[in-house]
Amino acid sequence: MTDVANPEQMLFTSTAQGFLEKEVPLTRVRQLHAEGISFDPRWWGRAAELGWASLLVPEELGGGSPSGDGVTDLALLAEQAGRTVAPGPLHPVSTVLAGLIEAPGGHEELIEALVSGETVASWAAYEPNRPFGALQSATGVFTTATRTGSGYRIDGVKDRVEAGDQSGAVLVVAVCDGEIRQFVVPTDAAGVTVTPQNSVDLVKRYARVQFDGVEVGESAAVGSAGQTPAIIERQRQVALVLQCAEIVGILDTVLTMTNQWLVDRHSFGRPLASYQALKHRAADMKMWFEAARATTAGAVAAVSERSPEAPKLVSVAKAYVAERAPVMLQDCVQLHGGIGVTWEHDLHLYLRRVALYRALYGSPEDHHRAVYALSRKTDAVEEIGA
């Protein structure tokens with residue numbers, strides 16, 4: 001996805017790769033699925049010891065990253081996770097931390113617990129039968145937070161909450177006094193009901209979380225009403241670059257696997273790779289892969305630098321990567337022939353993860369529309385300036 005810039009980053013990446021290959025190879029992913037388990041909390045604790053949950057957190061709050069560029073380091077880690085379609089709450093924990101560190105007051109203990117791996121938290125942004133983009137407007141969010149004498153009362157339902165049944169807390173998007181706000185709600189609080197939801201992925205689990213008059217204190221709020229839109233946008237950007245980076249790791253692995261198969265497999269005394277039609281398809285996929293890697297790298301850099309172009313570039317990356325990746329993986333399945341469509345072959349593990357990510361946090365079609373809208377806005381500003 002991006003070049004490893006320094007020895008510390010190289011060591012971090014290679015350590016993560018070795019840890020993933022040893023602890024959660026594809027055989028372990030299949031085993032977790034057979035056991036009905038999403039991830040082992042003890043495994044995540046060891047991952048946290050390697051610094052996986054600290055990358056976005058500043059040092060004064062107990063975090064830090066090898067290169068000092070937490071977003072880039074996190075994207076490199078997500079890319080490595082894609083190579084083994086690893087389980088675990090890397091995405092939800094990172095997305096929650098991306099929000100908490102923007103307004104950490106009152107949440108220092110939760111940040112410390114997330115960084116150490118002692119607990120897991122997830123972002124409760126989706127609502128039943130509502131698209132992700134609905135949370136950008138108060139009229140699109142039906143979960144409410146009503147002020148009480150000691151804090152707030154949360155009522156509503158969220159779904160598609162990743163690792164919700166294994167989370168100690170959720171960061172809930174709700175409407176309070178007509179404005180979008182976010183609140184940290186412990187999942188063991190009175191009035192919280194968590195119902196697990198399966199997904200197309202073998203080990204990614206989600207949950208429906210219902211809030212019936214859940215009482216939380218004043219400190220549960222994350223940031224002020226004025227800060228909240230920017231905090232949610234930051235979380236959205238982090239969630240999207242993590243998705244795209246992981247898909248890049250998946251594509252790199254699957255293309256390598258497929259190209260090796262085309263060399264090893266013979267038909268009529270010739271390797272499959274020698275046939276012109278298959279050469280053309282392999283060349284097309286290589287071109288698409290490099291474009292996916294480049295758009296993702298551009299988005300990661302923009303989010304890391306907090307560039308004004310970040311909203312558009314993350315949508316460019318998601319629109320392109322999530323649109324092309326399923327097509328490429330389906331091609332790889334076909335290039336493997338009959339063996340590619342079997343349960344025993346590992347290709348479907350990667351295809352499932354990509355199919356899941358295509359839909360989460362906006363489809364490619366949603367992001368194409370976002371790029372168009374943001375581009376028109378930029379053009380209008382430039383015309384006014386001229």
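It should be emphasised that the depicted structure is a prediction, and the values quoted were computed from it without experimental measurement.

## Section: the overall build of the protein chain
Then step 1. Scanning the protein chain from terminus to terminus reveals eleven helices and nine strands.
Then step 2. Taken over C-alpha atoms, the radius of gyration comes to 21 Å for the protein chain, in line with the 21 Å a tight globule of 386 residues would show.
Then step 3. For the protein chain, the spread of C-alpha atoms along the three principal axes comes to 80 × 60 × 45 Å.
Then step 4. When each of the 386 residues of the protein chain is scored for burial, the buried share is 52%.
Then step 5. With an accessible surface of roughly 16,400 Å², the protein chain has 54% of that area assigned to carbon and sulfur atoms.
Then step 6. Taken together, the 33 basic and 46 acidic charged side chains of the protein chain have centroids lying 8 Å from each other.

## A few points about the UniProt feature "domain: Acyl-CoA dehydrogenase/oxidase N-terminal" (unreviewed entry) in the protein chain
Then step 1. According to UniProt, the "domain: Acyl-CoA dehydrogenase/oxidase N-terminal" (unreviewed entry) feature falls on residues 7-102.
Then step 2. In residues 7-102, the share of helix is 64% and the share of strand is 0%. The end C-alpha atoms are 29 Å apart.

## Section: the pairing of strand β7 (residues 206-217)
Where a strand is regular, its side chains alternate between the two sheet faces.
Then step 1. Sheet topology places strand β3 (residues 151-158) next to β7; seven bridges connect them, and they run antiparallel. Bridging from a neighbouring strand, I154 pairs with V214 of β7.
Then step 2. Taken together, the six bridges between strand β6 (residues 192-197) and β7 define a ladder with antiparallel strand orientation. Each residue of the ladder has a partner; that of T193, found in β7, is Q210.

## Points about the nonpolar core
Side chains of a nonpolar character, in soluble globular proteins, are inclined to be buried together.
Then step 1. In this structure, W44, W52 and W123 are the most contacted members of the largest nonpolar core, which totals 100 residues.
Then step 2. If one sorts the elements of this core by residue count, helix α7 (residues 228-264) sits on top with 16 residues.
Then step 3. Counting residues in each nonpolar core, the second largest holds 20 residues, with A124, A174, C176 and V185 among its members.

## A few points about the side chain of T143
Then step 1. Note that T143 resides in the loop between β1 (121-124) and β2 (144-147).
Then step 2. Owing to a relative accessible area of 0%, T143 belongs among the buried residues under this scheme.
Then step 3. Within the local environment of T143, its side chain forms a polar contact with the side chain of E127, the two groups lying 2.8 Å apart.
Then step 4. When neighbours within four sequence positions are excluded, T143 is seen to be in contact with E127, I154, D155, G156, V157, K158, V172, V173, A174 and V175.

## Section: the UniProt feature "domain: Acyl-CoA dehydrogenase/oxidase C-terminal" (unreviewed entry) in the protein chain
Then step 1. In the numbering used here, UniProt assigns the feature "domain: Acyl-CoA dehydrogenase/oxidase C-terminal" (unreviewed entry) to residues 243-366.
Then step 2. Secondary structure content for residues 243-366 is 75% helix and 3% strand, and the end C-alpha separation is 15 Å.

## Focus: the packing of aromatic side chains
Then step 1. Following the criterion strictly, the structure yields eleven aromatic pairs and no others.
Then step 2. Between the aromatic rings of F19 and W52, the centroid separation amounts to 5.5 Å while the plane-to-plane angle is 85°, which identifies the pairing as edge-to-face. Here the residue F19 occupies a position in helix α1 (residues 7-23), and W52 occupies one in the loop between α3 (41-49) and α4 (70-83), the gap between them amounting to 33 residues.
Then step 3. Note on F19: relative accessible area 12%, which makes it buried.
Then step 4. Relative to W44, the ring of W43 has its centre 6.3 Å away and its plane inclined at 45°; by these criteria the two rings are tilted. By the burial criterion, W43 is buried, and W44 matches it.
Then step 5. The rings of F19, W43, W44 and W52 are connected pair by pair, giving a single aromatic cluster.
Then step 6. Of note, R270 hangs over the ring of Y275, and the distance from its end group to the ring centre comes to 4.2 Å.
Then step 7. Seen from the ring of W288, R324 lies directly overhead, with NZ or CZ sitting 4.1 Å from the centre.

## Points about helix α10 (residues 347-359)
Then step 1. Spanning 13 residues, α10 covers 19 Å between terminal C-alpha atoms, matching the ideal 18 Å at 1.5 Å per step.
Then step 2. The set of residues buried in α10 consists of L347, H348, L349, Y350, L351, R353, V354, L356 and Y357.
Then step 3. Tucked inside the fold, the buried residues of α10 contact α2 (26-35), α4, α5 (90-100), β7, α7 and α9 (310-335).
Then step 4. Count one or two residues on from α10 and you reach Y361, which has phi positive near 60°.

## Quick notes on the pattern of salt bridges
Then step 1. All told, the structure shown has 21 salt bridges when counted by the stated rule.
Then step 2. Notably, a salt bridge pairs R83 with E79, separated by 3.3 Å at the nearest N-O pair. In this pair, R83 and E79 both sit in helix α4, four residues apart, roughly one turn of the helix.
Then step 3. Across the salt bridge formed by E290 and K286, the nearest N and O atoms sit 2.7 Å from each other. Within this pair, E290 and its partner K286 are both found in helix α8 (residues 276-304), separated by four residues, close to a single helical turn.
Then step 4. You can call E290 partly exposed: its relative accessible area is 27%.
Then step 5. Overlapping salt bridges, with partners in common, bring together E79, R83 and D252 in one network.

Each value, and the rule that gives it
Residues numbered from 1 in each chain as written. Predicted model: local features only at pLDDT ≥ 70, side-chain atom pairs only at ≥ 80, totals over all residues. Heavy atoms only, no water. Helix = DSSP H or I, 4+ residues; strand = E, 2+ residues; numbered from the N terminus. Rg over C-alpha atoms; globule rule 2.2 N^0.38 Å. Buried < 20%, exposed > 50% of the residue type's maximum accessible area, 1.4 Å probe, protein only. Areas by Shrake-Rupley, 256 points an atom, 1.4 Å probe, with all protein chains shown as cover. Lys, Arg positive; Asp, Glu negative; His and termini not counted. Charge placed at Lys NZ, Arg CZ, Asp CG, Glu CD. UniProt positions renumbered as here; feature names shortened; annotations may be inferred. Pairing = 2+ DSSP bridges. Core = buried A, V, L, I, M, F, W, Y, C linked by side-chain atoms within 4.5 Å. Polar contact = N/O pair within 3.5 Å; in protein donor to acceptor, adjacent residues only side chain to side chain. Contact = heavy atoms within 4.5 Å. Phe/Tyr/Trp six-rings, centres within 6.5 Å; stacked < 30°, edge-to-face > 60°. Lys NZ or Arg CZ within 6 Å of the ring centre and 35° of its normal. Expected span 1.5 Å × (residues − 1). Salt bridge = Lys/Arg side-chain N within 4 Å of Asp/Glu carboxyl O.

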